[in-house]
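What the coordinates show
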Amino acid sequence: MSINFPKPAIFSSRCLGFDRCRWNGEIIRDRFVEKLKPYVSYITTCPESEIGLGVPRDPVRVVSRNNSYMLMQLNTEKDLTEKMNAFVSDYIASMKEVDGFILKDRSPSCGIKDVKVYAGLSHSSPVKKGSGFFGAAVSKKFSGIAIETEARLTNFTIREHFLARIFTRAGFRKLKGKPLVKNLVRFHTENKFLLMAYSQKHLKLMGNIVANSKRKPAKEMFAEYESKLTEALAKTPKFTSVINVLMHALGYFAKKLKSEEKKFFLNTLEEYRREQVPLSVPVNIMRSYIIRFNEGYLSQQTFFEPYPKELTEIKDSGEGRSYK
Ligand code: SF4
């Protein structure tokens with residue numbers, strides 16, 4: 001199971017460890033963003049610096065007026081909406097393909113949700129929550145891509161899902177550059193268990209696309225497959241589906257494991273079901289069986305190592321599986 005992982009292209013808000021560009025001149029040292037550095041290619045920007053606000057600067061806030069959002073600077077009372085909208089649309093239009101985004105939580109520019117929205121500059125309490133200007137535009141344009149904030153990525157379920165998505169997408173993008181049917185067949189075969197966990201329906205649809213490969217030009221087939229792959233990976237897999245995949249894998253060793261070993265594995269699955277351990281725990285036990293019994297077909301399955309194992313971390317925000 002030694003996998004050569006492609007490097008996903010990840011956009012990150014620049015203040016998350018790349019530059020002291022926050023309004024107060026600070027930088028945020030985020031463990032996960034830092035840890036990803038050797039494994040991904042980062043692209044960064046700071047929308048507020050890019051529209052010429054400088055560092056340090058007076059903070060900005062989102063103001064809701066007549067059903068539309070404005071970006072206003074608190075002390076100067078400048079309306080920055082037009083400048084920010086122009087920057088955002090130019091920047092997004094110039095972006096190359098990316099595999100995921102890590103945006104600064106709750107920022108009036110980069111935030112994707114839970115951004116405080118005020119009724120005016122003099123109001124001290126927000127009237128609602130919404131998205132930042134850059135965050136909203138990214139969510140709209142890249143709706144099928146993994147978009148998270150550094151705060152949400154402290155939750156292990158969200159983090160595992162994010163990592164699986166970005167590395168799977170990067171793997172597909174690598175193939176897409178030179179669309180050969182045999183490579184797509186291999187990709188589909190290796191990702192069967194992973195897709196089974198995400199969506200049985202999409203696994204079937206994508207299997208049909210690959211099976212009918214002779215009827216269409218490769219490029220067209222890759223485009224169809226990509227659209228289904230994006231849909232399949234959009235939602236966190238249900239833990240019951242993940243358990244089913246692991247039970248399916250256990251079937252490969254039905255006659256090879258001692259009853260105590262099966263019992264131990266089933267107990268660990270139960271702990272995963274109760275959110276007492278992350279997915280990596282039962283997966284690692286299964287991997288040990290795959291190695292021990294030299295199970296060739298399972299050893300190719302990305303489900304058991306969808307991203308570099310060095311990125312697995314048990315640390316968690318404690319928000320649990322229901323944190324959406
Ligand atoms: S949140 Fe976005 S706009 Fe604010 S400092 Fe960070 S990168 Fe710049």
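About the criteria used
- Residues numbered from 1 in each chain as written.
- Predicted model: local features only at pLDDT ≥ 70, side-chain atom pairs only at ≥ 80, totals over all residues.
- Near = placed C-beta within 6 Å.
- Helix = DSSP H or I, 4+ residues; strand = E, 2+ residues; numbered from the N terminus.
- Nonpolar A, V, L, I, M, F, W, Y, C, P; charged D, E, K, R; others polar.
- Core = buried A, V, L, I, M, F, W, Y, C linked by C-beta atoms within 7 Å.
- Buried ≥ 20, exposed ≤ 12 C-beta atoms within 10 Å, placed from the backbone.
- Domains from an automatic or database assignment.
- Contact = placed C-beta atoms within 7 Å.
- Expected span 1.5 Å × (residues − 1).
- Pairing = 2+ DSSP bridges.
- Axes fitted to C-alpha atoms, helices over the stretch in contact; angles between N-to-C directions.
- Left-handed = near helix turned anticlockwise from the far one by under 90°.
- Arc of directions from axis to C-beta.

Close to the ligand lie 13 residues, the nearest being C15, C46, K104, S107 and C110. With three residues, helix 2 (residues 47–50) is the single largest residue contributor to the shell around the ligand. Residues that form the shell around the ligand fall into these classes: five nonpolar, four polar and four charged.

In this structure, L71, A197 and V245 are the most contacted members of the largest nonpolar core, which totals 74 residues. Broken down by element, this core gets its largest block of residues, eight residues, from helix 5 (residues 156–176). When residues of this core are sorted by domain, at least three fall in each of domain 1 (9–154) and domain 2 (156–324). Filtering out sequence-adjacent residues up to four positions away, L71 remains in contact with V60, V62, L80, T81, M84, P108 and F133.

For helix 5, built from 21 residues, the straight-helix expectation of 30 Å at 1.5 Å per residue is met to within 8% by its first-to-last C-alpha distance of 30 Å. For helix 5, the tally of buried residues reaches 17 of 21 residues, placing the bulk of the element in the interior.

Our next topic: the pairing of strand 6 (residues 115–118). Pairing of strand 3 (residues 60–65) with strand 6 involves two bridges; the strand directions are parallel. If you follow V62 over to strand 6, its bridge partner there is V117. Note: strand 6 against strand 7 (residues 128–130), three bridges, orientation antiparallel. Bridge pairing in strand 7 places V117 opposite K128.

This part takes up the packing of helix 3 (residues 81–94) against helix 4 (residues 133–141). The contact between helix 3 and helix 4 brings their axes to 10 Å, and the two run at 35°. Crossing handedness for the pair helix 3 and helix 4: right-handed. Contacts from M84, N85, V88 and I92 in helix 3 reach F133, F134, A137, V138 and K141 in helix 4. Grouping the amino acids of the contact of helix 3 with helix 4 by side-chain chemistry returns seven nonpolar, one polar and one charged.

On to the domain arrangement of the protein chain, then. Interface size is commonly expressed as the accessible area that is lost once the parts come together. Split into domains, the protein chain comes out as domain 1 (9–154) and domain 2 (156–324). The C-alpha-based centres of domain 1 and domain 2 are spaced at 32 Å. With 13 residues of domain 1 at the interface, the matching set in domain 2 holds 13 residues. Residues that form the side of domain 1 that touches domain 2 fall into these classes: five nonpolar, three polar and five charged.

All right, on to the sheet that holds strand 7 then. One open sheet holds the four strands; their spatial order is 4-3-6-7, and the pairing between them is mixed. Edge positions in the open sheet fall to strand 4 (68–73) and strand 7, since each of these has one partner strand only. Strand-to-strand twist in this sheet, taken as the mean axis angle between neighbours without regard to direction, amounts to 45°. Where strand 3 meets strand 4, six bridges bridge the pair, whose relative direction is antiparallel. Paired with S64 across the two strands is Y69, which belongs to strand 4.

What follows is about the sheet that holds strand 8 (residues 146–149). Reading across the sheet, the four strands line up as 2-1-5-8 and stay open at both edges, with parallel pairing between neighbours. With one partner strand each, in any of the chains shown, strand 2 (41–45) and strand 8 form the two edges of the open sheet. Ignoring which end each strand starts from, the neighbouring axes of this sheet average 20° apart. Relative to strand 2, strand 1 (residues 9–13) runs parallel, the two being bridged by five bridges. If you follow S12 over to strand 2, its bridge partner there is T44.

Below, the discussion takes up helix 3. The end-to-end C-alpha distance of helix 3, which contains 14 residues, comes to 20 Å, matching closely the 20 Å that a straight helix rising 1.5 Å per residue would cover. Of all the positions in helix 3, only M84, F87 and V88 are classed as buried. Viewed along the axis of helix 3, the buried residues span an arc of 100°, placing them on a single side of the element. Away from its buried face, by an angle of more than 90 degrees, helix 3 presents the exposed residues E82, A86, S89, D90, A93 and S94.

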